[in-house]
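# Working through the structure, step by step
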Amino acid sequence: MSLTKKDIDLIRSLLEDSQFDRLNLEIEGMKLELERSGAARSRPATGSARVDASRNANPAPAEPIAARARTSTEAGLVEVKSPLLGVFYRAPKPGEPAYVEVGSRVEADSIIGIIEVMKLMNSARAGVAGEVVEILAVNGEMVEHGEVLMLVRPL
Amino acid sequence: MAIKRILVANRGEIAVRVIRTCERLGIETVLCVSEADRGSLGAQLATRTVCIGPSQPAKSYLSIETVAQAALGYECDAIHPGYGFLSERADMARMCEDEGVTFIGPTAAQIEAVGDKLRARAEAVAANVPVVPGGPVGSPAEARALAEQIGAPLLVKAVGGGGGRGMKLVEDLAELEATMAMASAEASAAFGDARVYLERYVAQGRHIEVQLLGDGAGNVIHLGERDCSVQRRYQKLVEETPAPNLPSTTRATLLDAAVRFAARLNYRGAGTVEFLYDVAHDEFYFLEMNARIQVEHPVTEEVTGIDLVAEQIAIAEGQGLRFEQADIAFSGASIECRINAEDPDNRFMPSPGTVTDVAWPSGEGVRVDSHIVAGAKVPPFYDSMIAKVIAHGPDRAMALQRLRGALANTRIEGIHTNLAFQQRILADPDFARGGVDTGFLARMVERETA
């Protein structure tokens, strides 16, 4: 069994409505950790090995832009984070193929998407060589500075 | 248009201050945070937070495009810029105007009108508001002629400077030409603007400013004055209202002049007109207008009972002024001390770090505006002010007594602060008498180190 995005949203809203700061859930080898940002611990830096599928839950009573919880449970994946706040686009132009798909091979300097800040386009790069395992950022939606865009299995 | 969600584009105590008023008004807040401020008190209090960039302010709190994008992305009706950072950036206000987001502050044109010192001075002259004798100079011959008119001592000031930066004292007019050349070269390097102007040097001056609210249609009211003469290197440390021992006729003409200046600009929002009060001549001169909420606004709130942030929001919503001048009543006196994370025993060096424990004072007439709680981090990237301790009383003596008591009951562990230094200021007999000039603090420090 695996958790869907909807399941995670539901679990997250349970935490948000509760008086607790942290929730650890283990189901059949899958581990989910949610935390309010006020209770956040220091997180491992990009590039360090991760052994769980944790993600800090954002306490966001004002409609969150999109709930993006990572689902890959694999160890050793590298988080590719947004270098700045802006609107994330997966392709150079609407209708054109995306820069990368799940399964794409990327180099450290490969462009993986575009971040638009007030009509200025900035390219986001992988920063690591490997294979794209999961894409978390939603095309056309805003991402924050430091938000995880995708997960890469380093090679 | 009712504002339902505000992007708070600032940090520290003013972010907390804005969020508290929004909470009371039922307005949602989206707080911009840099990486360094993710765990701040403001981040915990805001309806939600958005990380806008790394710790360096140039890439986060000063990034106009990022702040505008965050406001649009989170569907905020308005941006509150606080003070500092983007609060007096005309391009921020203009981008808001273009994107249909309400900028809680004056128009871009008004920010430009008061942001350029020479233009602001010309506006003051046009509004029949007295200015310090002086003016812009180009050629050395022009400068000599004007300098002889003004008389020595005089100041050479950079048009692009401010807060004490970019000015030089000329005590002997023979040094004028050399000093001007140096000032101009320095101004060009520091501010990218080589223009300088000359000004009479007031030997004994007090810094007195007037709090204003304008509706943007020519109606302006004042909420009294503040005396901010206790300064260290042009940084205010203690502010109070009313200005002690100021002749009442001078006070009345000063308040009128400030209102006249802002009304002529059809000023919108909260703003402050700063004057230099020449003690020896009992005259005042226009210095500049600050087109934003000020750090020291709480003393005005204490004596008037008016929430200035709420009025900023009401004006931004188009409600205009909710008070007439006659509605503004002044009750007692209020004094504020700025608590900074700095080490007075080590040349006031900034003292960032983690506040391991803190106890803020409370009690009748005592107010603390701060974002510091036990465990809070004071990052090295930003201004060192960590709190404002404010006391209000039926008269100045009582306000001062309460403020002394409040500071005695304040404890901040883990970082150096100027708390003890502030206590010495409040204990000084000259300060207790009231009406000290801007040279007071330097003299006090000199006495202490002698």
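Throughout, residues of each chain are indexed from 1 in the direction in which the sequence is written. Chains carry letters and ligands carry numbers; both start at the beginning, A for chains and 1 for ligands, and go up in the order they are written. Local features in this predicted model are restricted to residues whose pLDDT is 70 or higher, and side-chain atom pairs enter the listing and the counts only when it is 80 or higher, whereas totals over whole chains, interfaces and linings include all residues.

## Observations concerning helix α13 (residues 419–427) of chain B
All names here are of chain B. Within α13 the residues assigned to the buried category are Phe421, Gln422, Ile425 and Leu426. Down the axis of α13, the sector holding all buried residues measures 140°, keeping them to one side. Exposed residues pointing more than 90 degrees away from the buried face of α13 are listed as Ala420 and Ala427. Here, residue contact means that the backbone-derived C-beta atoms of the two residues sit within 7 Å. Numbering of helices and strands starts at the N terminus; helices are DSSP runs of H or I of at least 4 residues and strands are runs of E of at least 2. Buried residues along α13 sit in contact with β11 (220–232), β12 (235–241), β15 (333–340), α12 (396–408), α14 (429–433) and α15 (440–449). Burial in this document is a count-based property: other C-beta atoms within 10 Å of a residue's C-beta are tallied, and the residue is buried at 20 or more, exposed at 12 or fewer, or partly exposed in between, with C-beta positions derived from the backbone. The arc in question is formed by the directions pointing from the helix axis toward the C-beta atoms.

## Structural notes on the environment of B:Val50
Within the element layout of this structure, B:Val50 appears in strand β3 (residues 48–53). On the neighbour-count criterion, B:Val50 (28 C-beta atoms within 10 Å) is buried. When the C-alpha atoms of B:Val50 and B:Met444 are compared, they prove to be 44 Å apart, with 394 residues separating the residues in sequence. Not counting chain neighbours up to four residues away, the residues in contact with B:Val50 comprise A:Leu85, A:Glu144, B:Val30, B:Cys32, B:Ala70 and B:Tyr74.

## Quick notes on the nonpolar core
Judged by nonpolar contacts, the single largest core of 107 residues is most densely connected at A:Met150, B:Leu7, B:Val8, B:Cys32, B:Ile79, B:Ala258 and B:Phe275. In terms of residue count, the dominant contributor to this core is helix α9 (residues 248–264) of chain B (7 residues). Those residues in contact with A:Met150 that sit more than four places away from it in its chain are A:Val80, A:Ile112, A:Val132, A:Glu134, A:Ile135, A:Leu136 and A:Ala137. The nonpolar core criterion groups buried Ala, Val, Leu, Ile, Met, Phe, Trp, Tyr and Cys residues into a set whenever they are joined through C-beta atoms within 7 Å.

## Topic: the confidence of the model for chain A
One confidence number per residue, pLDDT, is output by the predictor and ranges from 0 to 100. When pLDDT is averaged along chain A, the result is 77, and 64% of the positions lie at 70 or above. Of the regions scoring below 50 in pLDDT, residues 38–67 of chain A engages in 59 contacts with residues more than four places distant in sequence or in other chains.

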